[in-house]
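This is what each chain is made of:
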Amino acid sequence: DVLWAPDGKSVVVYGKIPDIYWVDLATRTSKELRGHTDSIYMAQFTSDGRGLLTAGDDQTARLWNLADGSSTALLGHEDDVYRARFSPSEELAATSSLDGSIRIWPVPRKQPGVLMEGQPIQEMSFTGDTALVRTEVAVARWQLDRGTRDQLFATGPHDGFGIGQPSPDGTRLVVHKPGWVLELRSKDHPPIELRGHKALISHVEWSRDGRYVYSASFDGTLRRWDAETGAPTILVQSEAPVRGFAVAADGRVAVQVGSDALMLHPDGTQETLGTGAAWCGTKAEFERVRDRLLIHRCDNGLVLVDGKRVVELPTEGYAVSRIAVSPDGHLFAGATADRTVRVWDDTGRQLSKLWGHKDLVMDVAFSPDGKEVASASYDRTIRIWQLGTQRHRVLRGHAGAVSHVAWRSQNELVSGSQDGTLRLWQVPSLDLPTEIQVTARLKAATTAMIDVDKPTTL
């Protein structure tokens, strides 16, 4: 069916697929509304055109906020919700179902759980109730418990090469400028130019405490800059290019100089980790639990360096874009280019290869108890995986690729997407239904189908 908006400027299109298309007739652009998991019977706009009510074959009705694409599910019916209507005041909604019941629902005026950043989210870090978000045009801090946004920096194409890299607390920003110059910005002080590199800057990274900025260049140098004064210290000076590095919480720096992988210690000593093709890395990082080094190799291998111990985490030749470590430090989860989530222990043994996403997995995160993994994907979904059983549930709602996911608590997730929103999710239970519950559902059903996205439920 096709439904006109009250102002006649747009329509919604819906039917046998779960997605709704909201089409702007002037620009001929459309926005997807995602939340239902089965066919949609009908829709009704609010009188101001800002909201929508839909009835679906998935036993739910949904109230939509068209400003941000969020929805609230009206749960309770035990069969298809065949019709849904607003009351004249639009303070109530009535739904009728093939289960033989009619239900009356209050209509909330504010849709919870969706924060509008407005631009595709490039990076997101999360501490307590604070999310630090970077887009192409801004760095902002969100207070999730209050839903408030504080813009820290505005960036854009005028900034030269790149969109800037914020410090861990978001109070400073490093921006690439022409001529291999970096600019250090602060909300409270004039900008400081960091000059000295003579060739392409290959990597920039903040220290964990935000006191220093590190930069590497193909001119053969690795420099550490004081974030307060801009004073430089040269840590590496070589004829070979410095291709990349990673900074640990304790001040160690792992750096690739030419074909050599080195470890620089805070006392000024250095050691060679290895040399040659086996130590060629595209990226390196220190994990946040035990400060161990992870090297993403040029051949798409993944290596854990724990002191003198070197452990290979098998990837079958697929690149790993994101790595998460369990709270106890024993397990690693990787977002792998074959659209799977792989889980290894710290001996290098692969414990699981989790299939289900329909496109690239972009981020992974362990739950606080280490028993579940959340994954975010380019397929616009989030999946919750129960380790051991490999049971999983799917969270739908984003209209764009989901680039980041983090656990706010054991029962709540935070996600960031290219649709320009941050979303808060209640984590669904992965426990199997009891025999009595399954029997009751089957007796009440007129039809049954196993949903490939939720194989543990009926």
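As a reminder, the structure under discussion sits directly above these lines.
One structure accompanies this document, and this report is about it.

Parameters and conventions
- Residues numbered from 1 in each chain as written.
- Predicted model: local features only at pLDDT ≥ 70, side-chain atom pairs only at ≥ 80, totals over all residues.
- Heavy atoms only, no water.
- Helix = DSSP H or I, 4+ residues; strand = E, 2+ residues; numbered from the N terminus.
- Buried < 20%, exposed > 50% of the residue type's maximum accessible area, 1.4 Å probe, protein only.
- Patch = residues over 30% accessible without salt bridge, like charges linked within 9 Å, V, L, I, M, F, W, Y side chains within 5 Å.
- Areas by Shrake-Rupley, 256 points an atom, 1.4 Å probe, with all protein chains shown as cover.
- Salt bridge = Lys/Arg side-chain N within 4 Å of Asp/Glu carboxyl O.
- Disulfide = S-S within 2.5 Å.
- Pairing = 2+ DSSP bridges.
- Axes fitted to C-alpha atoms, helices over the stretch in contact; angles between N-to-C directions.

### Some remarks on the environment of G258
- Among the secondary structure elements, G258 is positioned in the loop between β26 (253-257) and β27 (260-264).
- Using a relative accessible area of 16% as the deciding quantity, one classes G258 as buried.
- When the C-alpha atoms of G258 and R146 are compared, they prove to be 49 Å apart, with 112 residues separating the residues in sequence.

### With respect to a nonpolar patch on the surface
- On the surface, L92, I102 and I104 cluster together to form a nonpolar patch covering roughly 310 Å² of accessible area.
- Relative to the assigned elements, L92 resides in strand β10 (residues 92-97).
- Using a relative accessible area of 38% as the deciding quantity, one classes L92 as partly exposed.

### Observations regarding unusual backbone geometry
- Residues other than glycine seldom take positive phi values, yet R28 does so here, at roughly 60 degrees.
- Exposure remark for R28: the relative accessible area of 77% places this residue in the exposed category.
- Positive phi outside glycine occurs at Q390, with the angle close to 65 degrees.
- Tracing the chain through its elements places Q390 in the loop between β39 (381-386) and β40 (392-396).

### Here's the deal with the state of the cysteines
- Per the counting criterion, the structure on display carries one disulfide.
- Between the sulfur atoms of C280 and its disulfide partner C298 the distance amounts to 1.9 Å. Measuring handedness by torsion sign, the sulfur bridge of C280 and C298 sits at about -65 degrees and is left-handed. One end of the pair, C280, is in the loop between β28 (270-275) and β29 (281-286); the other, C298, is in the loop between β30 (293-297) and β31 (302-306), and 18 residues separate them in sequence.

### Thoughts on the sheet that holds strand β37 (residues 361-366)
- With respect to topology, four strands assemble into an open sheet ordered β37-β38-β39-β40, the strand pairing being antiparallel. The open sheet has two edge strands, β37 and β40, and neither has a second partner. Strand-to-strand, the axes of this sheet are offset by a mean angle of 20 degrees, without reference to chain direction.
- Bridging between β39 and β40 involves five bridges; their strand directions are antiparallel. In the strand pairing of β40, I384 is matched with R393.

### A look at the pairing of β30
- The element β30 is extensively covered by neighbouring structure, given that five of its five residues are classed as buried.
- In β30, alternate side chains face the same way, and those of L293, I295 and R297 on one face and L294 and H296 on the other are all buried.
- In this structure, β29 lies alongside β30, joined through five bridges in antiparallel fashion. Counted as the bridge partner of F286 is L293 from β30.

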